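Single-letter residue listing:
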Amino acid sequence: MKLLVVFLVVLFGVWLWRQGRLADRADTKPPTPRKPPALPNEMVRCAVCGLHLPATEAVSNGRVSFCSVEHQRQAE
Ligand SMILES: [Zn+2]
């Protein structure tokens, strides 16, 4: 009879443990996919002075990039 009580207590403990785990699982949100780190701006090199600058700020004539309109004029 004592064994039966111990068995029931263990069973109850396991049940409690499983309930807790299920609750934990419900609480934890699914891992949100991490956004890939924003790519840094592509850097281009001025063909005249060699300055590196973001492509979005560069002056380009299609093939070559320049840091400013002045350097673009110099190259022409
Ligand atoms: Zn330049």
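Keep in mind it's a predicted model, so treat the numbers as computed, not measured. (Residues numbered from 1 in each chain as written. Predicted model: local features only at pLDDT ≥ 70, side-chain atom pairs only at ≥ 80, totals over all residues. Heavy atoms only, no water.)

A. Highlighting the overall build of the protein chain. Looking only at helices and strands, one finds two helices and four strands in the protein chain. Expressed along its principal axes, the backbone C-alpha trace of the protein chain runs to roughly 100 × 15 × 15 Å. Within the span of the protein chain, comprising 76 residues, buried residues form 14% of the whole. When contacts within the protein chain are restricted to residue pairs at least 6 apart in sequence, long-range pairs at least 24 apart make up 6% of them. Here the protein chain displays about 7,100 Å² of accessible surface, and carbon together with sulfur accounts for 62% of that area. (Helix = DSSP H or I, 4+ residues; strand = E, 2+ residues; numbered from the N terminus. Buried < 20%, exposed > 50% of the residue type's maximum accessible area, 1.4 Å probe, protein only. Contact = heavy atoms within 4.5 Å. Areas by Shrake-Rupley, 256 points an atom, 1.4 Å probe, with all protein chains shown as cover.)

B. Main features of the side chain of His 71. You can see His 71 is positioned in helix H2 (residues 69–75). In this structure, His 71 is in contact with Cys 46, Val 48, Cys 49 and Phe 66, ignoring residues within four places of it in sequence.

C. View of the coordination of the zinc ion. The zinc ion binds to the protein through Cys 46 (SG), Cys 49 (SG), Cys 67 (SG) and His 71 (ND1), with metal-donor distances spanning 1.9 to 2.3 Å. Each donor residue of the zinc ion belongs to the same chain, and together they define the spacing C-x2-C-x17-C-x3-H. (Donors = N, O, S within 2.8 Å, 3.2 Å for Na, K, Ca; no water.)

D. Spotlight on the side chain of Ser 65. Within the fold, Ser 65 resides in strand S4 (residues 65–66). Setting aside anything within four residues of it in sequence, one finds Ser 65 in contact with Val 44, Arg 45, Cys 46, Ala 47, Ala 58, Val 59 and Ser 60.

E. Expanded view of a nonpolar patch on the surface. Among the surface-exposed residues, Met 1, Leu 4, Val 5, Leu 8, Val 9 and Leu 11 lie close enough to one another that they form a single nonpolar patch of about 630 Å² accessible area. As for its placement among the helices and strands, Met 1 is situated in the segment before helix H1 (2–27). (Patch = residues over 30% accessible without salt bridge, like charges linked within 9 Å, V, L, I, M, F, W, Y side chains within 5 Å. Salt bridge = Lys/Arg side-chain N within 4 Å of Asp/Glu carboxyl O.)

F. Local environment of the confidence of the model for the protein chain. Predicted confidence across the protein chain gives a mean pLDDT of 84, with 92% of residues reaching 70 or more. At the level of individual helices and strands, the protein chain shows its lowest average pLDDT in H1, which scores 79, and its highest in S4, which scores 95. (pLDDT = per-residue confidence, 0-100.)

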